[in-house]
Each structure stands twice: as structure tokens, then as C-alpha cells.
Amino acid sequence: MKIDVREDIKKALAYGQAVVALESTIISHGMPYPTNVEMAKHVEDIIKNEGAVPATIAIINGVIKVGLTPDELTDLAKEKNVLKVSKRDFGYVVSKKMTGATTVSATMLIANMVGIKVFATGGIGGVHRGAQETFDISRDLEELSNVDVCVVCAGAKSILDLGLTMEYLETKGVEVIGYQTDELPAFYTRKSGHQVTYRLDSAEEIADLLKTKWGLGISGGVVVANPIPEAYSQDPHEINQAIDIAIESAKKQGITGKKTTPFLLDFIKTHTKGESLKANLELVYNNARLAAEIAIKYGEK
Ligand code: PSU
Ligand code: MN
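As a convention, each chain's residues are numbered from 1 in the sequence order in which they are written. Ligands are numbered from 1 and chains lettered from A, in the order in which they are written. Confidence filtering applies because this is a predicted model: local features only for residues at pLDDT of at least 70, side-chain atom pairs given and counted only at 80 or more, and all residues used for totals across whole chains, interfaces and linings. Excluding hydrogens and water, the side-chain figures rest on all heavy atoms present in the structure.

Chemist: Please explain the environment of Val-85 as it appears in this structure.
Modeler: The secondary structure listing takes helices from DSSP runs of H or I that are at least 4 residues long and strands from runs of E that are at least 2 residues long, numbered from the N terminus. Structurally, Val-85 is set in strand β5 (residues 83–85). In this structure Val-85 comes out as buried when scored by relative accessible area, which is 0%. Separated by 173 residues in sequence, Val-85 and Lys-258 have C-alpha atoms that sit 9.4 Å apart. In contact with Val-85, other than residues within four places in its own chain, are Ile-59, Phe-90, Val-93, Gly-100, Ala-101, Thr-102, Thr-103 and Ala-106. Only protein chains enter the accessibility calculation, which uses a 1.4 Å probe. A residue is then buried if its area is under 20% of the maximum for its type, exposed if over 50%, and partly exposed in between. In what follows, a contact means two residues having at least one pair of non-hydrogen atoms within 4.5 Å.

Chemist: So what exactly am I meant to see when it comes to the pattern of salt bridges here?
Modeler: Where charged atoms of side chains with opposite charge meet at close range, the side chains can pair. Only one rule defines a salt bridge in this text: a Lys or Arg side-chain nitrogen within 4 Å of an Asp or Glu carboxyl oxygen. All told, the structure shown has 17 salt bridges when counted by the stated rule. Note that Lys-65 and Asp-4 form a salt bridge whose closest N and O atoms lie 3.7 Å from each other. Here Lys-65, found in strand β4 (residues 63–66), pairs with Asp-4, found in strand β1 (residues 3–5); they are 61 residues apart in sequence, far enough to count as distant. On the basis of relative accessibility, which here comes to 34%, the residue Asp-4 falls in the partly exposed class. The closest approach of N and O atoms between Arg-129 and Asp-244, which form a salt bridge, is 3.0 Å. Of the two residues, Arg-129 sits in the loop between β7 (118–120) and α7 (131–134) while Asp-244 sits in helix α11 (residues 236–252), which places them 115 residues apart along the sequence. Judged by its relative accessible area of 42%, Asp-244 falls in the partly exposed class. The network of salt bridges with common partners includes Asp-4, Lys-65 and Glu-72.

Chemist: Help me understand the site of ligand 1 in this model?
Modeler: Near ligand 1 you find 15 residues, and of these Glu-23, Ser-138, Asp-140, Lys-157 and Thr-261 are the closest. Here a polar contact means two N or O atoms within 3.5 Å. Within protein one must be a hydrogen donor candidate and the other an acceptor candidate, and residues neighboring in sequence count only if both atoms are side-chain atoms. Residue Glu-23 places a side-chain N or O atom 2.6 Å away from an oxygen atom belonging to ligand 1. At a separation of 2.6 Å, an oxygen atom of ligand 1 approaches a polar side-chain atom of Thr-261. Burial of ligand 1 by the protein chains amounts to 92% of its free accessible area of 470 Å². Contributing elements (two or more residues each) for the shell around ligand 1: α2 (25–28) and α12 (260–271). One heavy atom within 4 Å of a molecule or strand is enough for the residue carrying it to be called near that molecule or strand. Working definition of accessibility: Shrake-Rupley area with a 1.4 Å probe, residue cover restricted to the visible protein chains.

Chemist: Explain helix α6 (residues 104–114) to me, please; I cannot follow it from the model alone.
Modeler: One turn of the α-helix equals 3.6 residues, which is why residues spaced by three or four share an orientation. Buried residues dominate α6, accounting for nine of its 11 residues. Every buried residue of α6 is listed here: Val-104, Ser-105, Ala-106, Thr-107, Met-108, Leu-109, Ile-110, Ala-111 and Val-114. Just past α6, the residue Gly-115 takes up positive phi, approximately 90°.

Chemist: What exactly am I supposed to notice about the nonpolar core here?
Modeler: A general trend in soluble globular proteins is that nonpolar side chains are found buried together. By nonpolar core we mean a set of buried residues, namely Ala, Val, Leu, Ile, Met, Phe, Trp, Tyr and Cys, connected to one another through side-chain atoms within 4.5 Å. Formed by 107 residues in total, the largest nonpolar core has its most connected members in Val-66, Leu-144, Val-224 and Ile-294. Examining the composition of this core, we find that 13 residues originate from one element, helix α13 (residues 275–299), more than from any other. For Leu-144, the residues in contact, after removing those within four places along its chain, are Met-108, Ile-124, Val-151, Leu-169, Val-174, Gly-220, Gly-221 and Val-223.

Chemist: Help me understand the environment of Tyr-92, please; the structure alone is not making it clear to me.
Modeler: Among the structural elements, Tyr-92 can be located in helix α5 (residues 90–95). Sequence-wise, Tyr-92 and Pro-262 are 170 residues apart; in three dimensions their C-alpha atoms are separated by 21 Å. Ignoring sequence-local partners within four residues, the contact set of Tyr-92 consists of Leu-83 and Met-98.

Chemist: Got a minute to help me understand the packing of aromatic side chains in this structure?
Modeler: For any pair of aromatic rings, the description consists of the separation of the ring centres together with the inter-plane angle of the planes. Stacked, edge-to-face and tilted labels apply to pairs of Phe, Tyr and Trp rings (six-membered ring for Trp) whose centres lie within 6.5 Å, assigned for plane angles under 30 degrees, over 60, and everything in between, in that order. All chains considered together, the criterion is met by three aromatic pairs. Here Phe-187 and Tyr-188 contribute two aromatic rings whose centre-to-centre distance is 4.9 Å and whose plane-to-plane angle is 85°, an arrangement assigned as edge-to-face. Tyr-188 carries the same exposure label as Phe-187, and that label is buried. A ring pair is formed by Trp-214 and Tyr-298, whose centres lie 6.0 Å apart and whose planes are at 75°; its orientation type is edge-to-face. Here Trp-214 is found in helix α10 (residues 203–215), whereas its partner Tyr-298 is found in helix α13, with 84 residues between them in sequence.

Chemist: Can you walk me through the environment of Ala-207 in this structure?
Modeler: Topologically, Ala-207 is positioned in helix α10. Placed 35 residues apart in sequence, Ala-207 and Lys-172 show a C-alpha to C-alpha distance of 21 Å. The residues touching Ala-207, leaving out its near neighbours within four places in the chain, are Ile-294, Lys-297, Tyr-298 and Lys-301.

Chemist: Is there a simple way to explain the packing of α11 against α12 in this structure?
Modeler: Two packed helices can be described by the angle between their axes and the distance between those axes. Axes, fitted as lines to C-alpha atoms, cover a helix only where it is in contact. Angles between the N-to-C directions of the axes lie from 0 to 180 degrees. Axis separation between α11 and α12 bottoms out at 9 Å; the angle between their running directions is 130°. Overall, the two elements α11 and α12 adopt an arrangement that is oblique. The handedness of the crossing between α11 and α12 comes out as right-handed. Note on element contacts: α12 touches α11 through Phe-263, Leu-264, Phe-267, Ile-268 and His-271, opposite Ile-239, Ala-242, Ile-243, Ile-245, Ala-246, Ile-247, Ser-249 and Ala-250. All residues other than Ala, Val, Leu, Ile, Met, Phe, Trp, Tyr, Cys, Pro, Asp, Glu, Lys and Arg, Gly among them, are scored as polar; the first ten of these are nonpolar and the last four charged. In terms of residue class, the contact of α11 with α12 is made up of 11 nonpolar, two polar and no charged. By definition in this entry, angles of less than 35 degrees are roughly parallel, angles greater than 145 are roughly antiparallel, angles of 65 to 115 are roughly perpendicular, and the rest are oblique. Handedness of each helix crossing follows the sense of rotation of the near helix against the far helix: counterclockwise by less than a right angle gives left-handed, clockwise gives right-handed.

Shown next as C-alpha cells:
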């Protein structure tokens, strides 16, 4: 088979047990070492404790892997030359036998190929501020449009234009479900000023929506936006200030394309003296718990 699925995940999928996909760009390009590998391991433990099977996805030496060993996780976290892989990068990375960390876009594609329906991450990519000029719209939104996977996230960062991201998702036929909220969360904060498409208050109702949508033959992903727990949410004024400075600095330094998001994340982390990183960890754990719950409920339907 062209995809290497770890034995326990293969079994879980065969027996209809709940599996939750996890991306690897968040490890290689989203957080510094060693916090990134601690996060990658802890998030897997959380999913296991909830009663589901975690499946971290990446490309290791040209092999597409669903489920990584602890050593592979450490390598992804440590190595400097790991490529950031979205849809356009597969042919190159696999044929050159390189190692690549998968974005939301690439992770959704692989999850769908092996039959995983629920995926947990921190934040999705979206329409960048100034996209009217730069055309910088994340490939994540195309996969959300095409691939039948539910992505649990904490909304999207306001490094993006959240209003345009919501419009784009509407065009692409993707609903954004607010988990216990009417308002789209903005990653570090619980509020963004933008409405979600619909609010649902339980994993059960979300699983029901997924079954119903795909059962109708309506293809495409579903975004579940899960606000960061109150205790870890950041001061919106401070975080937005850091984001504005980060965007200004990216412009000055001529940062474009796939480098933009990692650059902004790192800048914000440094500017907030690590506070944003702590929040980032907690929201990922919170999303993993909800994703496991949704995967379990989905399996019972
Ligand atoms: N947003 C975050 N953290 C991340 C990413 C986005 O808060 O780590 C990563 C995800 O892997 C996402 C990717 O799929 O960045 C989007 O990159 P781009 O904006 O280049 O499409
Ligand atoms: Mn981009």
C-alpha cells in the first residue's frame, strides 16, 4: 500500500473504533523545540485517555505515514529541513524520499484516503489580510471544500482576515460550527466579532450533523470552532497589537508564501514572551478532547 498505516490504527479503522487525525506542520513549523514534541506526545495521550486512537500524519523519508513512532515525532520536532507539505508538495516530497510535515490541507487528504473522519488541530489557515493584493489564501480552505473530514480547531488567528475567511468558506460550501458559542473564536481569544454559521452545544449533535451531511451525499469538510478555555484566553488588545507588529514586520522583511504563517507565529510567540505559546498548547489539548468525543459519537451512529 502506498500509505503506511500503523497497526493499531489499521485495526481500529477495521473495527470501526474512533480514530482522530493530527497534523504535523504544527510540530515542525508551528512551535519551537522541545515544546513541540512534548505537545505532540501529550495530545496523543489525551486522545487515548478519551478512548480514541490518535493518528499523527506526516511524510517520513518519502513514505506517507498515518501514526508515528516517538522517534519520528522527535525527528519532526528537531530537524530543520522538514518541508511544509500541502497538496501541491506531495509528488516532489515522496519522489525525492524527503521528510515533510503535513498542513491541515495535506492531513485532511491523507486522513480521508484511509477513512479517518475527525481531525484535531490548533488553527486552520485562511484568507490572509491583504489577500486582495497578495492572493494569499490557504490551501486548507480548498481541502475543506472537497474532503469529507471534520476539523476541530480554535477558530483561526487574526493574522488572517476572519471576515473574508468566513465569506470564502461560505462560497466553498463549508459550515463553521461554533461549539457552545455563537461567535467565531479567534484562536488566542474566545471572540472575534464574527458569527459562526451554526451553533451546536454537544459532540452528539455535531456527530449527527456529520452523518446527515455526508449521508445526503453533500461532500466536503466541516469546521468545528472550539473556543480556548476561559482560563487560558489572552488579552485581545495585547494579542492584536502583537499580530499587527508581526504583519508589519513580515511585510518589511519581504516574507511571502508558505513562510508567512510560521514567521507570524514565531514573531507573536517572542513578542508575547511565550504567553501565546502556553495558550496555543492549551487550546490544542482542548480541541483533542472534543475531537475524540465527536469521533466516538460518530462511530456510534
Ligand atoms: N495556524 C496556526 N498554527 C499552525 C498553522 C496554522 O495557528 O501551525 C499551520 C497549519 O498546519 C495550517 C498551515 O494548515 O499552518 C497553514 O499554512 P498556510 O497559511 O501557509 O496555508
Ligand atoms: Mn499561503
